[in-house]
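# Close look at the chain arrangement
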Amino acid sequence: MGKISALKGISNTFQKHQASYSSPRKRPHKRDHAWLDVSDDDLEVRSAKKQASSSKGMHNQNHAHGPRKKPRVSAPAHLPGREPIQMQRQQLPIYAGKDAVIDVIRQNDVTVLIGETGSGKTTQVPQYLLEAGLAGSGMIAVTQPRRVAATSLASRVATEQQTSVGSVVGYSVRFDEASSSDTKIKYLTDGMIVRELLGDPLLSRYSVVIVDEAHERTLRTDLLIANLKTILQARNGSASAARDRKGKGKGKAQEPSGKLNPLKVVIMSATLEAEKFSKYFGGAKVVYVKGRQHPVTIYHTATSQPDYVDAALRTFFQVHIDQGPGDVLIFLPGQEDIESLEKSIDLYAKQLPKESLGVIILPLYASLQPAQQAKIFASTPPGMRKVILATNIAETSITIPGVKYVIDTGKCKEKRYVAKTTGTGFDTLLTRDITQSSAVQRAGRAGREGKGYCFRLYTEESFKKMPATAEPEIRRCTLTSSLLQLRCLGQNFEELDFMDQPDEGSVASALKTLFLLGALDHTKSLTPLGRQMAAFPLEPPLARALVASAEWGCTAELLTIVSVLSASSKLFVDTHDAREEAADARKKFRHASGDHMTVLNVVKAYEDVSQSEGKKARKDWCRRMFVNERCLAEAANIRAQLRDVCEKTGVDWKASAEGGQDAEARVLRAMVAGLVQNAACLQPDGSYKQLMGPSVVKIHPSSSLADKKVPAIIYDELVFTTQIYARGVSAVPRSFIAEVPVFKRRSG
DNA sequence: GAGCACTGC
């Protein structure tokens, strides 16, 4: 493309990608980015071994078409809603290979099915299997990493089956379930099926388990896959598919049992990891299904761009001035960069000549208010161009219509746990380079409705140096919660055969934490306390604090605090622009002991407003106080769920310390029981040093205790950004920490 | 004195 002259003094030089993704003639190797190309066959079946050495597979015999002369670029990505639903189903790419898919799954215990969005695999395969009678007397489970996907897929498939959700087709996600004794196809989150595993270790209710989006490799998907391997041995005998790679994972589940109903496993994934999944399951069959994507032309910069925000600014205006209509999507790592770029684009856009298109700038990130997020779906008015500044959220979770140009900074933020064997590790949250699969995914966002263009703000060299795929979560997350769940199943990280084994240090760290919380004893066996903790859908330290609240008669308070802390959004809204206002508002709720009691104050105030005034007044109040209503609503849901678990496990959830003089002390004592490892003491030089670990930590400036000097603190978490910050901090007397049973146990 | 991608029970 060469140099595009745009605004004076702001231009980038781009080079067209050498191996263009958009060429209809060139057929890329399967493991490359075939999905951006619409190629001539819809489905191939082949074994993984053949696939590794050859790019030419055995064509599906049911596939009647010859090679197409023209790529299907003109075919609409979304079919008109007026067409009869059964016709729509038949026009999906996977329909051509329906019989082949059914046959392969019928003949194999494990099938790896590769297909991009638009192929129809997630909605159609479960229906094919049901219609072919493969469900037998059991159910077909389809797992998803995200809640919204599980619920919306269920309603789509229910419509296709001409029933309502909850009958033949159902779903199961946290806080919400729609299923009945008629249910044959159930969409559920991976976290939910791992929970089911605790009560039904062989997943005996299911005849087929389909693991969708397996390439995302969430911690829960990896736990499920490892368990599916042992379940296959138990339910199908020593079938070839369950052949044991490492000779590990041998337990009681190994005994073949004729009585158990056999299990079929289908792994659905993106191209890059197909072989890995196949190998893991002893050479499972791999089935390929083509998706529907329009071609995207990719450009790389000629030189690397250290200031990616500035490069994005220049590139945006090059596109805006030189290119035809179509919206622009810019990928940035975080809120801060988004806000900064938003200001710059706004500034330059005002200087554009009158006859050029107007610019609508739309930020998009997870913590943005839903009303703001919704703006991206409004259609672009004539004479205008939308530019969306987004984080990773636009890579998988939200699909934006109308995007023709993607600008990719090649950066993202990644949370990574740095393990310390003392159990006192911390999270880092740092900007880093994205992976190749992420880059391909981002580019693909330009080709959803027609021909698209992607401008990468990094060189082709840099692209080639990127890691192919992200490291699976099991290698970079805290394992405490998963280890507790595994111990409930009588399993260990070391003995289970995972696709990727976790880091030894992380396992040691998790063991230490669970031991200190009293969930495991010195022989690493599960204690009754541990089993009780596992019943709560909480991180183990919070579960421990909640259980401890029974001793101190403050369960009502702890339920509130723990619910807010485990909600996915933050309690306080904090935008850069109104930082001081927000801080002022927050002062009204501040409790001298710190952030945990402050949470109680906020919830109490919110409940008062809710009771005395209407919904609108409540909303206004939240806005004025910079309180995030989404967080409070989610916390109320969690609280109700936790209350049910209390009821079942015999914890008196009504017990309250309210009004008593020692209310604060009792609440803090319960918190300390869960956060023993998260304690730090003031040192003579004014810094805080971890009590059970080596690090010096600083109270995060967002805390109500920022800059305060108190003898000892406990905190919710440590995050390293520019230094190690403690977040969610309370001041506690040192004696509270010393009195925690684990210290007594040590000395006694 | 400063910032936080995403998801799950």
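Above this text sits the structure in question.
The structure contained in this document is the topic of the report that follows. Worth saying up front: this structure is predicted, and the values here are computed from it rather than measured.

## Some points on helix H15 (residues 480-488)
The element H15 is extensively covered by neighbouring structure, given that eight of its nine residues are classed as buried. Here H15 has its buried residues at Thr 480, Ser 482, Leu 483, Leu 484, Gln 485, Leu 486, Arg 487 and Cys 488. Next to the buried residues of H15 lie helix H6 (190-199), helix H7 (219-236), helix H16 (504-516), helix H17 (528-534) and helix H18 (540-552). Just past H15, the residue Gly 490 takes up positive phi, approximately 75°.

## Concerning the pattern of salt bridges
Taken as a whole, this structure holds 30 salt bridges when the rule is applied. The salt bridge partner of Arg 217 is Asp 500, with a shortest N-O separation of 2.7 Å. On the criterion of sequence distance, the pair formed by Arg 217 in the loop between strand S9 (206-211) and H7 and Asp 500 in the loop between H15 and H16 is long-range, its members being 283 residues apart. Grouping residues by exposure puts Arg 217 and Asp 500 together as buried. Of the charged contacts in the structure, one is a salt bridge between Lys 350 and Asp 346, with a shortest N-O distance of 3.3 Å. On the basis of relative accessibility, which here comes to 63%, the residue Lys 350 falls in the exposed class. Look at the salt bridges and you will find they share partners, linking Glu 414, Arg 416, Arg 432, Glu 471, Arg 475 and Arg 476 into a network.

## Concerning the protein's contact with DNA strand B
Surrounding DNA strand B, one finds 33 residues, the nearest of these being Arg 147, Ala 366, Asp 574, Arg 579 and Arg 727. A distance of 2.9 Å separates a phosphate oxygen of DNA strand B from a polar atom in the backbone of Gln 335. Separating a base nitrogen of DNA strand B from a side-chain N or O atom of Glu 539 is a distance of 3.5 Å. Going through the elements one at a time, H6, strand S17 (411-418) and strand S24 (724-731) are the ones with two or more residues in the surface near DNA strand B. Take the surface near DNA strand B: its biggest share by element is three residues, from H6.

What counts and what doesn't
Residues numbered from 1 in each chain as written. Chains lettered and ligands numbered in written order. Predicted model: local features only at pLDDT ≥ 70, side-chain atom pairs only at ≥ 80, totals over all residues. Heavy atoms only, no water. Buried < 20%, exposed > 50% of the residue type's maximum accessible area, 1.4 Å probe, protein only. Helix = DSSP H or I, 4+ residues; strand = E, 2+ residues; numbered from the N terminus. Contact = heavy atoms within 4.5 Å. Salt bridge = Lys/Arg side-chain N within 4 Å of Asp/Glu carboxyl O. Near = heavy atom within 4 Å. Polar contact = N/O pair within 3.5 Å; in protein donor to acceptor, adjacent residues only side chain to side chain.

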